[in-house]
Amino acid sequence: MNSSLIGVAIGLVFIATLAGILSVPLLLRRQALSGDLVAHALLPGLVGAFMITGIKETSILLMGAVFTAWIALRLLAPLQKHPRIKSDGAMAVLISGAYALGVFMLSLLQKTENATQAGLDRYLLGSAAALQWQEVWWAVGIFLLIVGGILPNVSALQLWLFDPDQAKMRGINTHRLERGLEIGICLAVMMAVQFVGIVLAAALLIAPALIARPWVNSLLGLWIGAAAISAFAALTGTWISFQSAGMPTGPWIVLSLAIFCTISYACWYAKRIFFQAK
Amino acid sequence: MNLFSFNSIDFQYRQVVALTQASGVIPTGGITGIIGPNGSGKSTLLKILCGLLKPASGTIETQVLPSQMAYVAQRQTVDWDYPATVKEVVEMPLAIQTPWYKRKPQSQVESVHQALALTGLTDFADRQIQALSGGQQQRVFIARALALNLPVLLLDEPFAGVDAPTEAHLFQVLKTVAEQGKTVVMVHHDLSAIPRYFDHLIVLKNTVIANGPTAKVWNPDLLAQVFGISLFQKSNAPEELIP
Amino acid sequence: MNDSLWILTVAIIASIACALTGSTLIIRRQALTADAISHAVLPGIFFAYSISGGRNSFWLLPGAAAAGWFAAFLIQGLQSKLKLPSESATGLVFTAMFALGVVLISYYARQVDLDAECLLYGEMAYIPLEQFYLEDTPIGPKALWVLTPVVLFCIITLLPFYRYWNLISFDSIQARMLGYSPVWGHQWLMALVSWVCVAAFQAVGAILVVALMVIPAQTALLYARNLKQVWIQATLWALVSAIGGWLLAELLAAAYAASIGLVSLVALGAVFLFTMPQRNT
């Protein structure tokens, strides 16, 4: 019991922290719901990878999932080229459409092997408690991969997030940065979904940056703040959920984030009123 | 009798003060311009006059009810990709006054037809608003206000982003309408043609700097004071100066 | 009546309700609200089930409306008072409320007879099994009895008031000037969306409600010339999806709801390619 708690906590901290770091560029680019889109669009790729290869191994499933998720992300812009499609419509259509496709494929599997479907099922709702150490190592690995991708590009990212046109003019390869960010989100959400489920994964990529935003003004500060907040929320959520049997961990992490968000903005609002009165 | 008379109006959006102790009058009839630099509270004043906003303090006296005022907002307040034809937009305020089980009255059809003709939109009646240029969109907004046939028209920057021929045409429309006895109040965003356009002026810089007939109020020193620039150089545009 | 035909009937009724509410949302650029509310109603459903002690569906509608309103109100408040970007506010609110719902259901699992998984991606095959009984005679699936009043509400409050909905959706400022409050319409629409979500949950599950709301509506919007046309065309596309999806599911023994969602997506893709303006224009 103890080692599984530690394993879960470690995995969750790495995943949440990674998601928190990625939530910052998403907030600055006003693409907060990209995480939600990716979470839902993972499903068809996940099921498809299994259908094609017959192997239920994390690496294969991950590749398939990331593939369809990335395609969905890339479809946002072309869809909005139509004069009657707006950003919210494109997002809603892709989220629900990709998910429907995934559930459809999943149901096709159902008539062949029941046990198999149950295994893929856990990706939908997420299950922290049932996780193996293998997934934890994947989480750590992906965390190191993405942070390793961010660190050498920090200054380029800084300019790009602040002023994309200026970045282009300075010769920064903004395409590479965008693709990198997209892949990073797909990988991070893929891991997050296994722990907290499809619906809640989005929260990990929205809340942390929001919570840090009123208190920090620099990009680096936002990153550090968001990372710290996510890690703390992961620990808090895990701890709370283990207090009572049958309590799901993922939702408690999200609720922790929601509570932190409320505290953060309540304090900010109070501070503003206090200084206004002076 | 002044159409609008307002006293010590204060208004702020969160931390930003838009209007402070603004007082002035707008006479009945003719074309009144509300001018001033960016952020001087022009749109805010207009919205307060037609009842869309309530001032934090101060009083307003109006000789007509808001239901007798046609308000033309800035163009970007509307999503122009909305599915609708030019005619449908122009008749929208009239159509809603007819219950769904009744046919549209002939007078309403006439008003719409006339408004479209006045603004040069007759050929565009069945075009989707999505397919319109900025100038055409502005015509639609004005046609919609005209179709209502109300005694007072309030317009917020109707010539912003509109090309010169369209502006000239639309101004003619407003002038005709004013000559028919309606009152036109207009927020204008630039300094050109002010003496030609407006019979009366309110010069605003969060408070009313000047208010009255253009002939009395408009001069280069005022400009320099309000806008912080000196527009008139020695050899320039003598016809812009008030004789 | 044949089980399969009951499923088809429910699918058709649900698609009409979803199409009407979804198209009204999408022309108001509130497509993501459908997604948000469909998740946010979960705590409302929980409270309804816990108050009524189980299977009584009466409390579902008020519970759903309350949760939906609260979510919409919170999202709007976060945007206007705290200046949060709309996507961030939406995502934060609905995930938090959904998380709350899951936690409540898990904790009170013994007292409350709810299956979270079923809620998420619903199983239409169970519809005929849950019938209302009048003196031991089944009089139709429960899903149908909850959906029918909801769809009637949608039809009665949307269609005859076309001019009102058109005005407040196109230009809310003008609406206010004319004395028509856009707020009433907005609140009523949020309630309708919440009711459709909860009524269709048992039938098609959470995310597929969103698919039926948004996808046929967007398809219609690609070429419709006014709101009336959007309503009609969206309903037609939703019906096509419902019937086509049902057929597909019968053929391939796939899940009904997902098949319907898939068909609607394919239809959208086809119309999109057909109506996409040429590059040279």
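Given the structure is predicted, the values throughout are model-derived calculations rather than measurements. (Residues numbered from 1 in each chain as written. Chains lettered and ligands numbered in written order. Predicted model: local features only at pLDDT ≥ 70, side-chain atom pairs only at ≥ 80, totals over all residues. Heavy atoms only, no water.)

Engineer: Got a sec to walk through the overall build of chain B? Specific residues and values, please.
Structural biologist: Helix and strand counts for chain B come out as eight helices and nine strands. Taken over the C-alpha trace, chain B has a radius of gyration of 19 Å; the compact-globule value for 243 residues is 18 Å, and the two agree within 12%. If one aligns the C-alpha atoms of chain B with their principal axes, the spans along those axes are about 60 × 45 × 35 Å. Taken over 243 residues, chain B has a buried fraction of 52%. Here the contacts in chain B between residues at least 6 apart in sequence split such that 68% fall between residues at least 24 apart. Taken as a whole, chain B presents about 11100 Å² of accessible surface, with 51% of it coming from carbon and sulfur. Measuring between centres, the 18 positive side-chain charges of chain B sit 4 Å from its 19 negative side-chain charges. (Helix = DSSP H or I, 4+ residues; strand = E, 2+ residues; numbered from the N terminus. Rg over C-alpha atoms; globule rule 2.2 N^0.38 Å. Buried < 20%, exposed > 50% of the residue type's maximum accessible area, 1.4 Å probe, protein only. Contact = heavy atoms within 4.5 Å. Areas by Shrake-Rupley, 256 points an atom, 1.4 Å probe, with all protein chains shown as cover. Lys, Arg positive; Asp, Glu negative; His and termini not counted. Charge placed at Lys NZ, Arg CZ, Asp CG, Glu CD.)

Engineer: Any details on the sheet that holds strand E3 (residues 30-35) of chain B? Residues and values, ideally.
Structural biologist: Consider a sheet: its strands pair through backbone hydrogen bonds, and that pairing is either parallel or antiparallel. Residues and elements named next belong to chain B. Ordered in space as E5-E6-E7-E3-E8-E9, the six strands form an open sheet in which the pairing is mixed. Looking at strand neighbours, the two that pair on one side only are strand E5 (69-72) and strand E9 (208-213), the edges of this open sheet. Shown here is a sheet whose adjacent strand axes are inclined to one another by a mean of 10°, direction ignored. One ladder, built from five bridges, connects strand E6 (residues 152-156) with strand E7 (residues 183-187); its direction is parallel. (Pairing = 2+ DSSP bridges. Axes fitted to C-alpha atoms, helices over the stretch in contact; angles between N-to-C directions.)

Engineer: Which residues make up the side chain of threonine 119 of chain B, and what are the values?
Structural biologist: Along the chain, the position of threonine 119 of chain B falls in the loop between helix H3 (106-118) and helix H4 (134-147). A relative accessible area of 0% places threonine 119 of chain B in the buried class.

Engineer: Tell me about the nonpolar core, and name the residues and values.
Structural biologist: Counting residues in each nonpolar core, the largest one holds 261 residues, and the members touching the most others are Val189 of chain A, Val86, Val90 and Ile129 of chain B together with Met213 and Val214 of chain C. The residues touching valine 86 of chain B, leaving out its near neighbours within four places in the chain, are Leu116, Leu121, Phe124, Ala125, Arg127, Ile129, Leu132 and Val140 of chain B. Within the second largest apolar cluster, 28 residues are counted, among which are Phe6, Ala18, Ala22 and Leu45 of chain B. (Core = buried A, V, L, I, M, F, W, Y, C linked by side-chain atoms within 4.5 Å.)

Engineer: Provide a residue-level description of a nonpolar patch on the surface, including the pertinent values.
Structural biologist: All names here are of chain A. On the surface, Ile6, Ile10, Trp133 and Trp137 cluster together into a nonpolar patch covering about 410 Å² of accessible area. Listed by contribution, the elements that provide at least two residues to the nonpolar patch are helix H1 (2-28) and helix H6 (133-150). With respect to the secondary-structure elements, isoleucine 10 resides in helix H1. (Patch = residues over 30% accessible without salt bridge, like charges linked within 9 Å, V, L, I, M, F, W, Y side chains within 5 Å. Salt bridge = Lys/Arg side-chain N within 4 Å of Asp/Glu carboxyl O.)

Engineer: So what's going on with helix H8 (residues 220-227) of chain B? Which residues, and what values?
Structural biologist: Helical periodicity: at 3.6 residues per turn, an α-helix aligns residues three or four positions apart in one direction. Residues and elements named next belong to chain B. Within H8, burial applies to Leu222, Leu223 and Val226. Each buried residue of H8 sits inside an arc of 100° when the element is viewed along its axis, so together they form one side. Of the exposed residues in H8, the ones pointing more than 90 degrees away from its buried face are Asp221 and Gln225. Summarising the contacts, the buried residues of H8 are in contact with strand E8 (200-204), E9 and helix H7 (214-217). Positioned one or two residues after H8, glycine 228 has a phi angle of 70°, which is positive. (Arc of directions from axis to C-beta.)

Engineer: For the pattern of salt bridges, give the residues involved together with the corresponding values.
Structural biologist: Taken as a whole, this structure holds eight salt bridges over all chains when the rule is applied. In this structure, arginine 179 of chain A and glutamate 178 of chain A form a salt bridge, with 3.8 Å as the shortest nitrogen-oxygen distance. Accessibility expressed as a relative area gives 21% for arginine 179 of chain A, which makes it partly exposed. Across the pair arginine 144 of chain B and aspartate 171 of chain C runs a salt bridge, and its minimum N-O distance is 2.7 Å. Taken together, the positions of arginine 144 of chain B in helix H4 and aspartate 171 of chain C in the loop between helix H7 (162-170) and helix H8 (172-177) put the pair across two chains. Each member of the pair, arginine 144 of chain B together with aspartate 171 of chain C, is buried. A single salt-bridge network, built from bridges that share partners, covers Arg29, Glu178, Arg179 and Glu182 of chain A.

Engineer: Tell me about the interface of chain C and chain A, and please be specific about residues and values.
Structural biologist: With 53 residues of chain C at the contact, the number on the chain A side is 54 residues. For the chain C and chain A pair, buried surface summed over both sides reaches about 4700 Å², with 76% attributable to carbon and sulfur atoms. Taken together, the connections running from chain C to chain A amount to zero salt bridges. Secondary-structure elements contributing two or more residues to the side of chain C that touches chain A are helix H2 (31-52), helix H4 (86-107), helix H5 (116-121), helix H10 (206-221), helix H11 (227-252) and helix H12 (256-275) of chain C. Grouping the amino acids of the side of chain C that touches chain A by side-chain chemistry returns 39 nonpolar, ten polar and four charged. (Buried area = accessible area lost by both parts, 1.4 Å probe. Nonpolar A, V, L, I, M, F, W, Y, C, P; charged D, E, K, R; others polar.)

Engineer: Before we move on, can you summarise the pairing of E8 of chain B with the specific residues and values?
Structural biologist: Residue and element names in this part refer to chain B. Here E8 lies mainly inside the structure; four of its five residues are buried. Pairing of E3 with E8 involves four bridges; the strand directions are parallel. For threonine 32, the partnering residue across the bridge sits in E8 and is histidine 200. In this structure, the hairpin formed by E8 and E9 is closed by a connection of three residues, where asparagine 206 is found at a positive phi of approximately 70°.

Engineer: How would you explain the confidence of the model for chain B if you had to name every residue and give the values?
Structural biologist: Residue and element names in this part refer to chain B. On average, residues of chain B score 88 in pLDDT, and 94% of them reach the 70 mark or higher. Note on residues 233-237: pLDDT under 50 across the span, and zero contacts to partners over four residues away in sequence or across chains. Here residues 239-243 is modelled with pLDDT under 50, and outside its nearest four sequence neighbours on either side it reaches nine contacts, counting other chains as well. (pLDDT = per-residue confidence, 0-100.)

Engineer: Before we move on, could you go through the packing of helix H3 (residues 58-79) of chain A against helix H9 (residues 174-196) of chain A and cite the residues and values that matter?
Structural biologist: When two helices pack together, you describe them by how their axes are tilted relative to each other and by the distance separating the axes. Residue and element names in this part refer to chain A. It is at 9 Å that the axes of H3 and H9 come closest, and there the two elements cross at 130°. Considering their axes alone, H3 and H9 lie oblique with respect to each other. Considering the relative orientation of H3 and H9, their crossing is right-handed. Together, Leu62, Ala65, Val66, Ala69, Trp70, Leu73 and Arg74 of H3 and Arg179, Glu182, Ile183, Cys186, Leu187, Met190 and Met191 of H9 make up the contact between the two elements. (Parallel < 35°, antiparallel > 145°, perpendicular 65-115°, else oblique. Left-handed = near helix turned anticlockwise from the far one by under 90°.)

Engineer: Please give an account of the packing of aromatic side chains that cites residues and values.
Structural biologist: Tallying each qualifying case throughout the model produces 17 aromatic pairs over all chains. Consider the rings of phenylalanine 14 of chain A and phenylalanine 143 of chain A, whose centres lie 5.0 Å apart with planes at 80°: the pair is edge-to-face. Of this pair, phenylalanine 14 of chain A sits in helix H1 while phenylalanine 143 of chain A sits in helix H6, placing them 129 residues apart in sequence. Among the residues examined, phenylalanine 14 of chain A registers a relative accessible area of 25% and is labelled partly exposed. Since its relative accessible area comes to 14%, phenylalanine 143 of chain A is described here as buried. Arranged with centres 5.9 Å apart and planes meeting at 70°, the rings of tyrosine 162 of chain C and tryptophan 231 of chain C form a pair that is edge-to-face. Here the residue tyrosine 162 of chain C occupies a position in helix H7, and tryptophan 231 of chain C occupies one in helix H11, the gap between them amounting to 69 residues. (Phe/Tyr/Trp six-rings, centres within 6.5 Å; stacked < 30°, edge-to-face > 60°.)

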